[in-house]
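Summary of the model geometry
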Amino acid sequence: DPEALIKRLASLLKTGGRLTIAHGQSRKQIDAHHSGGASKVSVGLMSEENLARLFEPYFEIETVISDDIMYQVSGKLK
């Protein structure tokens with residue numbers, strides 16, 4: 001439950017704390033990796049826009065990146 005996870009992580013941070021979800025590979029590369037041996041226990045990464053929307057109730061969004069090099073969403077706790 002990604003929404004519940006973001007809410008829980010936000011509750012563990014001090015005011016002004018930051019949460020970053022990042023991968024040093026593209027979303028396409030991560031999804032390809034997860035479609036292999038981990039396919040039975042894994043789902044593909046949600047789009048960076050959807051993840052940023054889950055952050056929005058709790059965080060001021062600072063970074064949203066999804067390109068050929070990386071996937072990252074980061075925000076500062078409101």
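Residues numbered from 1 in each chain as written. Predicted model: local features only at pLDDT ≥ 70, side-chain atom pairs only at ≥ 80, totals over all residues. Heavy atoms only, no water.

1. Some words on the pattern of salt bridges
The test is simple: In the sections that follow, a salt bridge refers to a side-chain nitrogen of Lys or Arg positioned within 4 Å of a carboxyl oxygen of Asp or Glu. Working definition: helices are DSSP H or I runs of at least four residues, strands are E runs of at least two. Numbering for both runs from the N terminus. Three exposure classes are used, based on accessible area relative to the maximum for each residue type with a 1.4 Å probe and protein chains only: buried under 20%, partly exposed in between, and exposed over 50%.
If you walk through the whole model with that rule in mind, you get 2 salt bridges. With a shortest N-O distance of 3.9 Å, E48 and R27 are connected by a salt bridge. Here R27 lies in helix α2 (residues 27–34) and E48 lies in helix α3 (residues 48–55), a separation of 21 residues in the sequence. Given the relative accessible area of 12%, E48 is considered buried.

2. A few points about the pairing of strand β2 (residues 59–66)
Quick reminder of the rule: Any two strands are treated as partners once DSSP identifies two or more bridges connecting them.
Examined bridge by bridge, β2 and strand β3 (residues 71–77) share 7 bridges and lie antiparallel to one another. In the sheet register, I65 faces β3, and the bridge partner there is Q72. The hairpin turn running from β2 into β3, its antiparallel successor, is 4 residues long.

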